[in-house]
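Residue strings, one per chain:
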Amino acid sequence: MAEPRPRVWVSQPLFDDIVGRLGEYFDVDATAEVTAWTPVQVAEKLRGVAGAVVTLNERIGPAEIAQAHGLRAVANVGVGYDNLDVEALHARGIVATNTPDVLTETTADLGFALLLAAARRITEGERWLREGRWRQWSFDTLLGHDVHGATLGILGMGRIGQAIARRGAHGFGMRVLYHNRSRLPAGIESNCRAAYVDFDTLLRESDHLVLVLPYSPQTRHVIDAAALAKMKPTATLTNVARGGLVDEDALADALAGGRLAAAALDVFEGEPRVNPRLLALRNIVLSPHVGSASHATRRAMAALAVDNLVAALGHGPRAGDPPTPIAAKATAKR
Ligand code: 8YV
């Protein structure tokens, strides 16, 4: 009798043709509808599978893998992997992978779009116009802050941070400052025309600050009331990383009190719920976690996650050597 084929779970609908490739090697439990899995359901799904393709919606830690005795690989669709307890997975010999690189430029595009929208009050103006409040052109309608020639601050200078820095430096003639856990090699700094500064200097000097750093218990609320108080009242803050980096109540206070000109958020602490205080503000641009959401990039992410899972489970041209494994003891890189 033929050996039963290993079973794999795909937690959310991706692209049928790409997910279909898993069928060459595995029995696939593919989710047909967008589903809000509870932790108990995730644990049930992981029981009895050799591998899983998951998204940021599914948190996987010790409780979820306690009964998953056959689980050998988890392929995350996304570069950030704060939804995975990588240490717990590795301790059980489970390979974890993510999808870096393929989404870098697309996410940087969205970051820059949000920065521009916040600085030039684009969504605020659209709302005003749609509400029928545009009676006559006037000289001082919706004055914003310039982006070209201003100082761009990047907190977290990984791949996406560098891509945003290049857009600012080369496209908009901006002076670029960055802060990172470690200073980057001179070659990368000069390519991005970016100068390393300490955190306080970054806060004080940025006209437009963009957050692109990994989320972890150590970086939670890195932008809190004290950090916001150091920023210029004319500055903007953009977050395309993870919502928990920002203390949203402190941000709402700063925006409402005129201590920060504007903000743009693609990510929220507790998403998809959005802090009602943020929803009530006019000087904030809000988008529903769509940093990597272009057709081409989402296909590339799904394809990389599938390649990772196939290889991690010992099949395909890279059997045993998944293209983008998450290294042991690494913190979530973006
Ligand atoms: C993904 C993201 O779409 O890559 C990331 O870290 O936040 C997004 O690009 C998301 O993680 C889907 O799982």
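Quantities reported herein were computed from a predicted structural model and do not represent experimental measurements. (Residues numbered from 1 in each chain as written. Predicted model: local features only at pLDDT ≥ 70, side-chain atom pairs only at ≥ 80, totals over all residues. Heavy atoms only, no water.)

1. Some details on the environment of Glu58
Our working rule: By the criteria applied, helices consist of DSSP H or I runs no shorter than four residues and strands consist of E runs no shorter than two, each listed in order from the N terminus. Residues count as neighbours in contact if any of their non-hydrogen atoms are within 4.5 Å of one another.
One can find Glu58 in the loop between strand E3 (51–54) and helix H3 (62–65). In this structure, the C-alpha to C-alpha distance between Glu58 and Ala263, residues 205 residues apart in sequence, is 28 Å. Residue contacts for Glu58: discarding those within four places in its chain leaves Trp9, Ser11, Gln12, Thr35, Trp37, Val42 and Asn83.

2. Looking at the domain arrangement of the protein
Interface size, as often reported, equals the accessible area lost upon joining of the parts. We apply this condition: Boundary definitions for the domains trace back to an automatic or database domain assignment. The term buried area refers to how much accessible surface (probe radius 1.4 Å) is lost by two components on association, counted for both of them together. Definition used for salt bridges: Asp or Glu carboxyl oxygen within 4 Å of a side-chain nitrogen of Lys or Arg. Under the scheme applied, nonpolar residues are Ala, Val, Leu, Ile, Met, Phe, Trp, Tyr, Cys and Pro; charged residues are Asp, Glu, Lys and Arg; polar residues are all the others, including Gly.
If you check the domain split of the protein, you get domain 1 (7–102 + 295–312) and domain 2 (104–286). Distance from the C-alpha centre of domain 1 to the C-alpha centre of domain 2: 31 Å. Across the boundary between the two partners, domain 1 contributes eight residues, which contact six residues of domain 2. Taken together, the two surfaces of domain 1 and domain 2 that pack against each other cover about 630 Å², and 42% of this comes from carbon and sulfur. It is Leu56, Asp82 and Asp101 in domain 1 that bury the most area against domain 2; as a group they hold 59% of the surface buried on that side. The tally of links between domain 1 and domain 2 comes to two salt bridges. Put simply, Asp82 and Arg242 hold a salt bridge, and the shortest N to O gap is 2.9 Å. Of the residues that constitute the side of domain 1 that touches domain 2, the class distribution is four nonpolar, two polar and two charged.

3. Points about empty space enclosed by the protein
We apply this condition: We place a 1 Å grid over just the protein atoms. Points where a 1.4 Å probe fits but has no way out form a cavity, open points with protein on both sides within 12 Å along at least 5 of 7 lines form a pocket, and any residue with an atom within 4 Å of a point lines it. Grid points are joined across faces, edges and corners, and a volume is the space filled by probe spheres set on the points.
Summed over all chains, the structure comprises one cavity of 30 Å³ or more. By volume, the largest cavity amounts to about 40 Å³. Ala117, Ala118, Arg121, Thr123, Glu124, Ala262, Ala263, Arg282, Asn283, Ile284 and Val285 together form the lining of the largest cavity. Broken down by secondary-structure element, the contributors of at least two residues to the lining of the largest cavity are helix H5 (104–119), helix H6 (122–130), strand E11 (262–265) and strand E12 (284–286). Residue composition of the lining of the largest cavity, grouped by class: six nonpolar, two polar and three charged.

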